Amino acid sequence: MPYIYLGIAIVGELVGTNLLKAAAGFTRIWPSLGALVAYGLCFYFLSVAMKNIDLNVAYAIWAGIGIVITTAISITLWHEPINLASVFGIALVVVGVVILNLYGPGH
């Protein structure tokens, strides 16, 4: 169940981040309110997940998956460019998440 909570937290972070983009610096009311609600749910479920998942592992998974999917969304939905250095940096984050899950202090 903790990984389901973590998944919900990741979805909340993805929704919140994209609503922040749509909010245009908090100048648009509905996306702004949606972002605040999404982040509130995100952090609630992240905290519930961390009752059973080590902080470093939970945060690494949350941030790592968030970075990868947010990048994909930013390219497809927002038509933002990406370069080789960005891809390499994201790959390093993914490798770090894998290492923490395989060899972190909980194992």
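Residues numbered from 1 in each chain as written. Predicted model: local features only at pLDDT ≥ 70, side-chain atom pairs only at ≥ 80, totals over all residues. Heavy atoms only, no water.

1. Re unusual backbone geometry
Here is step 1 of the chain: With a phi angle near 50 degrees, Ala 24 is a residue other than glycine that sits in the positive phi range.
Here is step 2 of the chain: Relative to the helices and strands, Ala 24 is located in the loop between α1 (2-23) and α2 (29-49).
Here is step 3 of the chain: For Ala 24, a relative accessible area of 40% corresponds to the partly exposed category.
Here is step 4 of the chain: One non-glycine residue, Phe 26, lies in positive phi territory at about 60 degrees.
Here is step 5 of the chain: On the secondary structure map, Phe 26 appears in the loop between α1 and α2. (Helix = DSSP H or I, 4+ residues; strand = E, 2+ residues; numbered from the N terminus. Buried < 20%, exposed > 50% of the residue type's maximum accessible area, 1.4 Å probe, protein only.)

2. Thoughts on the pattern of salt bridges
Here is step 1 of the chain: In this structure the tally under the stated criterion is one salt bridge.
Here is step 2 of the chain: A salt bridge links Glu 80 to Lys 21; the nearest nitrogen and oxygen atoms lie 2.9 Å apart. Taken as a pair, Glu 80 in the loop between α3 (55-76) and α4 (84-103) and Lys 21 in helix α1 lie far apart in primary sequence, 59 residues in all.
Here is step 3 of the chain: Take Glu 80: its relative accessible area is 30%, and that puts it in the partly exposed class. (Salt bridge = Lys/Arg side-chain N within 4 Å of Asp/Glu carboxyl O.)

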